[in-house]
Amino acid sequence: PLDGLVFKSAFGPDLRYFRNGIYLDSSSATRLGSTNYAKRSDERNFSWTWDNIINYTTTFHSIHKLSLMGLFSMQSGSTTKEYWDATDVMENTNWWNLNSGEYNAKNSYNSYTENSMISYALRANYSYKDCYLFTGTVRWDGSSKFAKNNRWGCFPSAAAAWRITEEPFMKDVNWLNNLKLRFAFGMTGNNDGIGDYATQQVLEGPIYYSFGSVYSTGFYPSGIVNPNLKWEKSSEYNLGLDFGFLD
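Residues numbered from 1 in each chain as written. Predicted model: local features only at pLDDT ≥ 70, side-chain atom pairs only at ≥ 80, totals over all residues. Heavy atoms only, no water.

Topic: the pairing of strand 10 (residues 214-221)
In step 1: Here seven bridges tie strand 9 (residues 203-211) to strand 10, and the two strands are oriented antiparallel to one another. Among the inter-strand pairings, Ser 210 is bridged to a residue of strand 10, identified as Tyr 215.
In step 2: Between strand 9 and strand 10, which pair antiparallel in sequence order, lie two residues; one of them, Gly 212, sits at a positive phi of approximately 70°. (Pairing = 2+ DSSP bridges. Helix = DSSP H or I, 4+ residues; strand = E, 2+ residues; numbered from the N terminus.)

Encoded structure:
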């Protein structure tokens, strides 16, 4: 193996399951004078992340330090929701026997949504005599939430620093332990406010209507979508002077 080369791979799954049930007896204050009522809802969230990172560090001629990093990451998540309710259900069965009552198809539903993202990143760190420091990073993220032409976003960052206390002319300044001038620029992206299908036309429903004496079921568009949505990008600049003394 190459000295200074390290590879790390990590896979992390996450599964969450929620269930909520309500049973109202016909003798309860809410259902007094009516029949028993029960409803049940289930929600399952499953997501996973797979990160692959490779690092390489080296020092040459004792004054040059170089560190390189490459990243490949994948993540995916899905949500399943189901809801049922019924009236006139069997006594003392809580929400476990909805089929014993009158099933309410109009109120019940189930749904499935998913999203995924792939990321690449490259980073390089270089220092000369521990005095002049440079860092450059570029990251690419591709999200399924966006339309094909706007799926990918590029987010670069860079930083430079001058550790003044490492200069020869500062060797006799004993009371000052650290003096560093630094500047950094970075761009980040955000897609949290975008729905899984915000850029796609999907159908919702059902909606019930009649043609004469025939009772029919139909579906309708979810609404107006914007296929031109893109990554939200924000930039930040930072200029600072770090110092420490009498240490």
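Some words on the environment of Gly 186
In step 1: One can find Gly 186 in strand 8 (residues 176-190).
In step 2: For Gly 186, a relative accessible area of 19% puts it in the buried group.
In step 3: When the C-alpha positions of Gly 186 and Phe 72 are compared, they lie 20 Å apart, and in sequence the two are 114 residues distant. (Buried < 20%, exposed > 50% of the residue type's maximum accessible area, 1.4 Å probe, protein only.)

Quick word on the side chain of Asn 52
In step 1: Positionally, Asn 52 belongs in strand 2 (residues 37-60).
In step 2: Among the polar contacts made by the side chain of Asn 52, one reaches the side chain of Ser 9 at a distance of 2.8 Å.
In step 3: Among the polar contacts listed, one links the side chain of Asn 52 to the side chain of Trp 50, at a separation of 3.4 Å.
In step 4: Residues in contact with Asn 52, not counting those within four places in the same chain, are Phe 7, Lys 8, Ser 9, Gly 70, Leu 71 and Phe 72. (Polar contact = N/O pair within 3.5 Å; in protein donor to acceptor, adjacent residues only side chain to side chain. Contact = heavy atoms within 4.5 Å.)

As for unusual backbone geometry
In step 1: In this structure, Ser 62 is a non-glycine residue whose phi angle is positive, near 60°.
In step 2: Following the sequence through the fold, Ser 62 ends up in the loop between strand 2 and strand 3 (64-87).
In step 3: Look at Ser 62 and you get exposed, because its relative accessible area is 66%.
In step 4: With a phi close to 55°, Asp 130 is a non-glycine residue in the positive phi region.
In step 5: The residue Asp 130 is located in the loop between strand 5 (109-128) and strand 6 (132-143) in this model.
In step 6: The partly exposed category is assigned to Asp 130, whose relative accessible area is 31%.

Observations concerning the packing of aromatic side chains
Here the distance between the centres and the angle between the planes together describe a pair of aromatic rings.
In step 1: Going through the model one piece at a time under the given rule, you end up with 14 aromatic pairs.
In step 2: Centre to centre, the rings of Tyr 128 and Tyr 132 are 6.2 Å apart; their planes meet at 20°, and the pair counts as stacked.
In step 3: Taking the relative accessible area as the measure of exposure, Tyr 128 reaches 26% and is therefore partly exposed.
In step 4: An aromatic cluster is defined as three or more aromatic residues linked by ring pairs; in this entry it consists of Trp 50, Phe 72, Tyr 120 and Trp 152. (Phe/Tyr/Trp six-rings, centres within 6.5 Å; stacked < 30°, edge-to-face > 60°.)

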